[in-house]
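# Descriptive structure summary
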Amino acid sequence: MLRRLRLPRRLPIPANSITIPNSLAIPIIAALKRLELSFDINLTLRRLRAFYLEGDEVGRRRANADGNGSGKRRGTAGCHWVPITVEYFLLFLLAIPCLYIIPVHYLLKLPVLPLYGLLLLLPITSQFFFPATPILSWVLLYFSSRFIPATIRPHIWVSVLPTLETVLYGANISDILTRYESTPSPLLDIIAWLPYGLLHFALPFIVAAILFFFGSKPGIVKVYARAFGYLNLIGVMIQILIPCSPPWYELIHGLTPADYSMKGSPGGLGRIDALFNSNGYTVTFSNSPVIFGAFPSLHSGCATMEALFMSHFFPQGRVFYWTYAATLYWATMHLSHHYMIDVTAGASLAVIFFYYNITHHPALNSPSGPKRFVSSSSTSSLTTPTSDEEMGMMSLFKGKKKHAKVVSGLRDGDVPHSAVPFLRDHDGIESEYGDVSIPNTPRTPWGDFKGGKVVIDEEAYAPR
């Protein structure tokens, strides 16, 4: 007997209101219902214990997958707990000196770490702050670095980057793009300003929202936050430990030695200030916490990271994503903020963190691998995807069917890959959104279904 789960019927929609298409409403509703609203600290503690014990189950599954039916588990309990513990302990140690050097009264600084610990224990806040810890550590390190005493800071390298660029690429590409322009072009400045001075700050949030609402797996935002956070954290560490002057310094001061008392410069963004009769970029870059942070370029790193995640999960727009990234690469040099070698280093760092996190994060990896729908005339079966194009969600909304398909033969712990955002932690969807029927099938805390079959009304959406 089917147990049909539904949301309450929608209220009548006024004639002058904006109707959200089903292809947008379904994943948005399902994603919002995944949010945790509990204040029970015991719930977080139970999840931490389950996370620790999960290593034992992972070891058993891998042993069985290797043909060892006994499923040896010795030494596997907590196998993934240790690196996570060490990781966050190191971030905690990093926060202590950063808070110490900030010139604020200690009574205001002492409650910061205990308060943050409380935010990690409350389920309603831990779902945001726990995956965002690397990002917040990067922000704390970046803004506190201005207070590092100049006496203990390393030497500023002025000629290293232009020399390396000439050796590696045969010319100083940034110098060619800036010094030898006959007259600055307002059109080119605006084209460079849009990705470098505007989209760079907005796109991380936009990409996170897209992955949260439309991503093919609910945990993908955590992977994105982790990769994005550590990219910027390690990048700022390199900028602090190996300070290098940017191209605007060479244009203003030549190759004369630099010191930490110098003010920064907006470079080509100063022309944007002049164009709009403002001084926002001049003030911001003149007082930047990391003035000599040319290497690596975190602008190019962030653009590469965004393009990689979007290309992996929404491959239909690859040309658009990489056109944006390429435009930003050019903008960093056109505005005289980075050399080509900085751009290359930042993009390479992003590639490393992307592929490490996409292949090692437990939210995206399981012993059985991800699953997807393969449609036939009347049924859909589960197979392993053959390329990253199968990871996208947009194909779910291509075309409409007039009959429901049945997905059967699910093994324990398996979920139709494309259906995860719709079926996880929600109570079904009304017929105008597409019904979801589950025949006496219990769900795990992670939203998985153990056996049985899933009936999907494809009037609203149809898997490929």
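The structure this text deals with has already been given above.
Criteria and thresholds
- Residues numbered from 1 in each chain as written.
- Predicted model: local features only at pLDDT ≥ 70, side-chain atom pairs only at ≥ 80, totals over all residues.
- Heavy atoms only, no water.
- Helix = DSSP H or I, 4+ residues; strand = E, 2+ residues; numbered from the N terminus.
- Buried < 20%, exposed > 50% of the residue type's maximum accessible area, 1.4 Å probe, protein only.
- Contact = heavy atoms within 4.5 Å.
- Areas by Shrake-Rupley, 256 points an atom, 1.4 Å probe, with all protein chains shown as cover.
- Core = buried A, V, L, I, M, F, W, Y, C linked by side-chain atoms within 4.5 Å.
- Salt bridge = Lys/Arg side-chain N within 4 Å of Asp/Glu carboxyl O.
- Phe/Tyr/Trp six-rings, centres within 6.5 Å; stacked < 30°, edge-to-face > 60°.
- Lys NZ or Arg CZ within 6 Å of the ring centre and 35° of its normal.

On to the overall build of the protein, then. When helices and strands are counted, the protein shows 17 helices and six strands. Out of the 464 residues in the protein, the part that is buried amounts to 45%. Residue pairs at least 24 apart in sequence account for 78% of intrachain contacts in the protein once pairs closer than 6 positions are excluded. Just so you have it, the protein exposes about 23700 Å², and 67% of that area is on carbon and sulfur atoms.

Here we come to the nonpolar core. If you look at the biggest cluster of nonpolar residues, it comprises 43 residues, and the most contacted ones within it are Leu-211, Tyr-224, Met-305 and Phe-309. Looking at this core, the elements that each hand over two or more residues are α3 (81-101), α6 (123-144), α9 (186-214), α10 (220-241), α14 (298-313), α15 (318-334) and α16 (340-360). With 10 residues, the single largest contributor to this core is α10. Core analysis: the second largest hydrophobic core is formed by nine residues, Ala-192, Trp-193, Leu-269 and Leu-335 among them.

Taken as a whole and assessed by the stated rule, the structure comprises two salt bridges. With a closest N to O distance of 2.8 Å, Glu-87 and Arg-226 form a salt bridge. Remark: Arg-226 occurs in helix α10 and Glu-87 occurs in helix α3; sequence separation between them is 139 residues. Here Glu-87 and Arg-226 have matching classes, each one buried. Salt-bridge contacts for Asp-189 lead to Arg-271; the nearest nitrogen and oxygen are separated by 2.8 Å. In this pair, Asp-189 sits in helix α9 while Arg-271 sits in helix α12 (residues 269-275), placing the two residues 82 residues apart along the sequence. You can call Arg-271 partly exposed: its relative accessible area is 30%.

In this section: the packing of aromatic side chains. In the structure shown here, the tally under the stated rule is 17 aromatic pairs. On the basis of an interplanar angle of 45 degrees and a centroid distance of 5.3 Å, the ring pair of Trp-193 and Phe-276 is categorised as tilted. Here the residue Trp-193 occupies a position in helix α9, and Phe-276 occupies one in the loop between α12 and α13 (280-286), the gap between them amounting to 83 residues. Judged by its relative accessible area of 13%, Trp-193 is buried. Ring centres 5.0 Å apart and planes at 80 degrees place the aromatic pair Phe-309 and Phe-354 in the edge-to-face group. Here Phe-309 is found in helix α14, whereas its partner Phe-354 is found in helix α16, with 45 residues between them in sequence. Members of the aromatic cluster, connected to one another through ring pairs, are Trp-138, Tyr-224, Phe-228, Phe-309, Phe-313, Phe-354 and Tyr-355. The ring of Phe-212 has Arg-34 lying over it, and the distance from NZ or CZ to the ring centre is 5.4 Å.

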